[in-house]
Amino acid sequence: MKKIPEHIAIIMDGNGRWAERQNKMRAVGHRQGVEALRSVLEKADELGVGHLTVYAFSTENWARPKAEIKALMMLLLEYIKSESKALHKKNVRITTIGDLTAFDQKIQREIEKAKELTAGNTGLNFNIALNYGARDEIARGINGILEKERRGERGENAKVTEEEISRSLDTWGMPDPDLLIRTSGEMRLSNFLLWQLAYGEMVFTEVLWPDFTGEHLVEAIEIYQNRDRRFGSIE
Ligand code: FPP
């Protein structure tokens, strides 16, 4: 395939509706969502995508019913525990964005373990957005800059630059996403990578996340490949 995006970001939407349509609990939809993620991750790896960022839990998702949050946390813990060794074997590097301090200690430990285990891997970077919100990320980043200022680590009268803001974000070190995919027919960013998606190409599909497969990923990449990216310039 020509021109594979270096970084793909995905809003995995529609798990709840997928379950409700089958008169099942929403958690069943999330569990099926993990299966979809497996298939997409495998395809991304096969295609040579550099970074795959998935929106697994947003800063706003805490407003969901307690039972659903608990089910999502259990799923996350189960996934990290069962999958990290297999991903390590595939040379996948696991990273996260978002504020992990809000999670249970046990979850934080398992995530740290998975990150440490895979830190030296050179294949696909699988980046999971957890307790992530772009506004929260930007606010944390700016607070980090202010802290440096207070410690006198910035030059005298140094102005904040785009580069300094980019450096302060959780995604530092990763290229901005070339392609954003959102499933389930919703067409909004929902506080996902607002800074980084300034020039990202967006592909929206009606397919609900649990039904999304590696083949759908290929279709989205093909749409991306036919886009004319001008970054504000002209031909
Ligand atoms: C959005 O669907 C999906 C989520 C809020 C959670 C996404 C989580 C997973 C796919 C599984 C967990 C991930 C990992 C890495 C283990 P929705 O519930 O908002 O669906 P709806 O809009 O149809 O209600």
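Our structure's up above, just so we're on the same page.
Residues numbered from 1 in each chain as written. Predicted model: local features only at pLDDT ≥ 70, side-chain atom pairs only at ≥ 80, totals over all residues. Heavy atoms only, no water.

Caption draft 1: Highlighting the overall build of the protein chain. Check the secondary structure of the protein chain and you find seven helices and six strands. Along the chain direction, N to C, the helices and strands of the protein chain fall in the order β-α-α-β-α-β-α-β-α-α-β-β-α. Scaling as 2.2 N^0.38, a compact globule of 235 residues should have a C-alpha radius of gyration of about 18 Å, and the protein chain matches this with 18 Å. Counting across all 235 residues of the protein chain, residues that qualify as buried make up 46%. When contacts within the protein chain are restricted to residue pairs at least 6 apart in sequence, those whose partners lie at least 24 apart make up 78%. Mean positive and mean negative side-chain charge positions of the protein chain (34 and 37 charges, respectively) differ by 4 Å. (Helix = DSSP H or I, 4+ residues; strand = E, 2+ residues; numbered from the N terminus. Rg over C-alpha atoms; globule rule 2.2 N^0.38 Å. Buried < 20%, exposed > 50% of the residue type's maximum accessible area, 1.4 Å probe, protein only. Contact = heavy atoms within 4.5 Å. Lys, Arg positive; Asp, Glu negative; His and termini not counted. Charge placed at Lys NZ, Arg CZ, Asp CG, Glu CD.)

Caption draft 2: Expanded view of the pattern of salt bridges. Within the structure shown, the criterion is met by 27 salt bridges. Between Arg-26 and Glu-20 there is a salt bridge, with its nearest N and O atoms 3.1 Å apart. Owing to a relative accessible area of 43%, Glu-20 belongs among the partly exposed residues under this scheme. Arg-154 is the salt-bridge partner of Glu-149, the closest N and O atoms lying 2.4 Å from each other. For Arg-154, a relative accessible area of 14% gives the class buried. Shared partners join several salt bridges into a network, and the residues in it are Asp-13, Arg-17, Arg-182, Glu-186 and Arg-188. (Salt bridge = Lys/Arg side-chain N within 4 Å of Asp/Glu carboxyl O.)

Caption draft 3: A look at the packing of aromatic side chains. For the structure on display, the rule yields nine aromatic pairs. Where Phe-57 meets Phe-103, the ring centres are 6.2 Å apart and the plane angle is 65°; that geometry is what we call edge-to-face. Separated by 46 residues along the polypeptide, Phe-57 in strand β2 (residues 51-58) and Phe-103 in the loop between β3 (93-97) and α4 (105-118) bring together distant segments of the chain. Judged by centre distance (6.4 Å) and plane angle (70°), the rings of Tyr-79 and Phe-126 are edge-to-face. With a gap of 47 residues between them, Tyr-79 in helix α3 (residues 66-89) and Phe-126 in strand β4 (residues 125-132) connect regions that are remote in the sequence. Three or more aromatic residues joined by ring pairs form one cluster here, namely Tyr-55, Tyr-132 and Phe-192. Positioned above the aromatic ring of Tyr-224 is the side chain of Lys-3, whose terminal nitrogen or guanidinium carbon lies 5.7 Å from the ring centre. (Phe/Tyr/Trp six-rings, centres within 6.5 Å; stacked < 30°, edge-to-face > 60°. Lys NZ or Arg CZ within 6 Å of the ring centre and 35° of its normal.)

Caption draft 4: Focus on the site of the ligand. In the vicinity of the ligand lie 17 residues, with Asp-13, Gly-16, Arg-17, Arg-26 and Arg-64 positioned nearest. Residue Gly-16 places a main-chain N or O atom 3.0 Å away from an oxygen atom belonging to the ligand. Within the side chain of Arg-26, a nitrogen or oxygen atom sits 2.9 Å from an oxygen atom of the ligand. Starting from 630 Å² of accessible surface for the ligand in isolation, the protein chains cover 91%. Residue assignment for the shell around the ligand shows that the elements contributing at least two residues are α1 (15-20), α2 (26-47) and α3. (Near = heavy atom within 4 Å. Polar contact = N/O pair within 3.5 Å; in protein donor to acceptor, adjacent residues only side chain to side chain. Areas by Shrake-Rupley, 256 points an atom, 1.4 Å probe, with all protein chains shown as cover.)

Caption draft 5: Highlighting the side chain of Asn-15. Turning to its location among the elements, Asn-15 is positioned in helix α1. Once residues within four sequence positions are removed from consideration, Asn-15 is found in contact with Gly-29, His-30, Gly-33, Trp-209 and Pro-210.

Caption draft 6: Region of the structure containing the environment of Asn-61. Tracing the sequence through the fold places Asn-61 in the loop between β2 and α3. Residue class for Asn-61 comes out buried when judged on its relative accessible area of 16%. As for Asn-61 and Arg-21, which are separated by 40 residues in sequence, their C-alpha atoms are 21 Å apart. Those residues in contact with Asn-61, other than ones at most four positions away along the chain, are Ala-56 and Ile-69. Reaching out from Asn-61, the side chain makes a polar contact with the backbone nitrogen of Ser-58 at a distance of 2.8 Å.

Caption draft 7: Up close: the nonpolar core. In this structure, Ile-8, Ile-10, Leu-52, Phe-126 and Leu-217 are the most contacted members of the largest nonpolar core, which totals 44 residues. Breaking this core down by element, the ones donating at least two residues are β1 (7-11), α2, β2, α3, α4, β4, β5 (179-182) and α7 (214-225). Beyond its immediate chain neighbours, meaning those up to four positions away, Ile-10 contacts Val-40, Leu-52, Thr-53, Val-54, Tyr-55, Ile-181, Phe-192 and Trp-209. Core analysis: the second largest hydrophobic core is formed by twelve residues, Ile-97, Tyr-132, Met-174 and Leu-193 among them. (Core = buried A, V, L, I, M, F, W, Y, C linked by side-chain atoms within 4.5 Å.)

By themselves, these are just geometric observations and shouldn't be taken as functional.
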